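Now for the letters of each chain:
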Amino acid sequence: MGRFKEKQEKGIPAISTASLPDIVFILLCFFMVSTTMRETTLIVKVRLPEATEVQKLEKKALVSFIYVGQPMKTTFGTESRIQLNDQFATIDDIQDFIATEREARDETDRKFMTTSIKADRDTRMGIITDIKQELRKSGAFKINYSSRKLAKTVN
Amino acid sequence: MGKKSLPEINASSMADIAFLLLIFFLVTVTMDVDTGITRKLPPPVEDDSKVDFNQRNIFEVLVNSANMLLVEGKPGELATLKDETKHFFLNPANEANLPEKKLENIDLIGDVYVSKGVVSLKNDRGTSYEMYIKVQNELTRAFQEMRDELAVEKFGTKYDNLTDPAKQEAIQAVIPIAISEAEPEDIGKTK
């Protein structure tokens, strides 16, 4: 009886929560590492077209983006322009851009590289065709016409 | 519990602070999933020598600067493009003006007729990108549906639900996405 009493006096020992912050910090770190922070400020207007048969872009680290659209600031005119990285570019810059993008990747990853064309829906095809020709010349054959996913309609 | 030499700092709020940070991060991170229509460009051709394609194997789709369609020489519509493409590619009645088919033996599927049909998509420089994507989308849908139908017939499940890459490859071998985006030189002539 005496022994039993002793135990009751002790009560349930509190679970130590000292490691909880560490667990949460590990979670936080995981999120920070796994999310890619792409810091490209758009200087062209891009309203993506819509399509139903879209595929997800895998391996974001291997994707280079080409933006096409009207400049945000009207002082640059209303003609559709190409944006590479953070600045306006011309058709001739695309080959250099692809070369730099390729240099930045591992040799083993280079064949998986994709170029995503993010063009405004009102762009004329002329500029897109020119871009496609440049990409072909630079050997970047895998392309992706970026478009928003639209729910499939049953026919 | 003996004598207290140093008062312990209460660390229980640390978890709360870390959680707040975590939540802040989760909210600010934009999880925009990039989606789009994937295509493979053909390698550049050195000379102008035209690859000879039998005319019956080519399904010509033209989009002009007013975003109007010309399908096989006749004005077409976006709504019917998918079914026309499917009918052309599969050639169910073995018509003489539709693509040839070749009997091939493919792993996991066996002997099947593989269509030699190719969709040739041409556009004008003035075509709007939105229209171009719509046409591409319809063509993709046609091929996707044909793959689904074949997958259901052979493996009992839709193409996207096939888990075995070998099965996917087999389907791909029977129905390749044969969409050719024409050389821009051709565009000038059709303009």
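How each quantity is defined
- Residues numbered from 1 in each chain as written.
- Chains lettered and ligands numbered in written order.
- Predicted model: local features only at pLDDT ≥ 70, side-chain atom pairs only at ≥ 80, totals over all residues.
- Heavy atoms only, no water.
- Pairing = 2+ DSSP bridges.
- Helix = DSSP H or I, 4+ residues; strand = E, 2+ residues; numbered from the N terminus.
- Contact = heavy atoms within 4.5 Å.
- Axes fitted to C-alpha atoms, helices over the stretch in contact; angles between N-to-C directions.
- Salt bridge = Lys/Arg side-chain N within 4 Å of Asp/Glu carboxyl O.
- Buried < 20%, exposed > 50% of the residue type's maximum accessible area, 1.4 Å probe, protein only.
- Expected span 1.5 Å × (residues − 1).
- Arc of directions from axis to C-beta.
- Core = buried A, V, L, I, M, F, W, Y, C linked by side-chain atoms within 4.5 Å.
- Buried area = accessible area lost by both parts, 1.4 Å probe.
- Polar contact = N/O pair within 3.5 Å; in protein donor to acceptor, adjacent residues only side chain to side chain.
- Nonpolar A, V, L, I, M, F, W, Y, C, P; charged D, E, K, R; others polar.
- Phe/Tyr/Trp six-rings, centres within 6.5 Å; stacked < 30°, edge-to-face > 60°.

Give a detailed account of the sheet that holds strand β2 (residues 55–56) of chain A, specifying residues and quantitative values.
The strand order across the open sheet formed by seven strands is β2(A)-β1(B)-β7(A)-β6(A)-β3(A)-β4(A)-β5(A), and the pairing between neighbours is mixed. Each having just a single partner strand, β2 and β5 (87–89) of chain A make up the two edges of the open sheet. Strand contacts of helix α3 (residues 93–103) of chain A: β3 (63–69), β4 (81–84), β5 and β6 (114–119) of chain A, with the helix running at about 155° to β3(A), the strand carrying the most contacts. Packing of helix α3 (residues 129–155) of chain B onto the sheet brings it into contact with β6 and β7 (142–146) of chain A together with β1 (35–40) of chain B, and relative to β1(B) it is tilted by some 75°.

Got a sec to walk through the pattern of salt bridges? Specific residues and values, please.
A side chain of one charge can pair with a side chain of the opposite charge if their charged atoms are brought near each other. Evaluation of the coordinates by the stated rule reveals 13 salt bridges over all chains. The partner of Glu134(A) in a salt bridge is Lys137(A), and the shortest N-O contact between them spans 3.2 Å. On the criterion of helical spacing, the pair formed by Glu134(A) and Lys137(A) is a turn pair, its members being three residues apart in helix α4 (residues 125–138). Judged by its relative accessible area of 9%, Glu134(A) falls in the buried class. Several salt bridges share partner residues, and in doing so they unite Lys82(B), Asp83(B), Lys86(B), Glu145(B) and Glu149(B) into one network.

Give me the lowdown on the sheet that holds strand β7 (residues 118–123) of chain B, citing residues and values where you can.
Residue and element names in this part refer to chain B. Reading across from one edge, β4-β3-β2-β7-β8 is the order of the five strands in this open sheet, with mixed pairing throughout. The strands lining the two open edges of the sheet, one partner per strand, are β4 (74–76) and β8 (179–181). Taking the axes of each pair of neighbouring strands and ignoring which way they run, one obtains an average angle of 30° across the sheet. Where strand β2 (residues 58–63) and strand β3 (residues 69–71) come together, three bridges link them in antiparallel fashion. Each residue of the ladder has a partner; that of Leu 62, found in β3, is Leu 70.

Please set out helix α2 (residues 78–90) of chain B residue by residue, giving values where relevant.
Residues and elements named next belong to chain B. Here α2 spans 19 Å end to end across 13 residues, near enough to the 18 Å set by a 1.5 Å rise per residue. All of the buried residues along α2 are Leu 81, Lys 82, Thr 85, Lys 86, Phe 88 and Phe 89. Along the axis of α2, the buried positions cluster into a sector of 165°, meaning they face one direction only. The secondary structure elements touched by the buried residues of α2 are β2, β3, β6 (110–115), β7 and α3. Asn 91, located one to two residues past α2, shows a positive phi value of around 45°.

Explain the environment of Gly11(A) to me, using residue names and the numbers behind them.
Its place among the elements puts Gly11(A) in the loop between α1 (2–10) and α2 (20–34). In this structure the C-alpha to C-alpha distance between Gly11(A) and Glu103(A), which are 92 residues apart in sequence, comes to 65 Å.

Residue-level account of the nonpolar core, with values.
Counting residues in hydrophobic clusters, the biggest one holds 57 residues, and the most contacted among them are Ile66(A), Leu135(A), Ile109(B) and Val135(B). The element contributing the most residues to this core is α3(B), with 11 residues.

Talk me through the interface of chain B and chain A; I want residue IDs and the actual numbers.
Opposite the 47 residues of chain B that make contact, chain A presents 50 residues. A combined buried area of about 4,400 Å² lies between chain B and chain A, and 62% of that area is made up of carbon and sulfur atoms. Area buried by chain B at its contact with chain A is led by Asp34(B), Leu41(B) and Tyr129(B), which between them contribute 19% of it. For the interface between chain B and chain A, the tally reads two salt bridges. Between Arg125(B) and Asp130(A) there is a salt bridge, and its shortest N-O distance comes to 2.8 Å. For the interface between chain B and chain A, the tally reads 23 residue pairs in polar contact (both at pLDDT 80 or more). Counting residues per element, the side of chain B that touches chain A draws most heavily on α3(B), at 10 residues. Of the residues belonging to the side of chain B that touches chain A, the class tally is 23 nonpolar, 12 polar and 12 charged. One ladder, built from two bridges, connects β2(A) with β1(B); its direction is antiparallel. Residue pairing across strands places Gln55(A) opposite Gly36(B), the latter belonging to β1(B).

Go over the packing of aromatic side chains, please, and point to the residues and values.
Going through the model one piece at a time under the given rule, you end up with six aromatic pairs over all chains. Each ring, one from Phe89(B) and one from Phe143(B), has its centre 5.2 Å from the other, and the planes form 70°; the classification is edge-to-face. Here Phe143(B) lies in helix α3 and Phe89(B) lies in helix α2, a separation of 54 residues in the sequence. Classification of Phe143(B) by relative accessible area gives buried; the value is 0%. Taken together, the aromatic side chains of Tyr145(A), Tyr129(B) and Tyr132(B) make up a single cluster linked through ring pairs.

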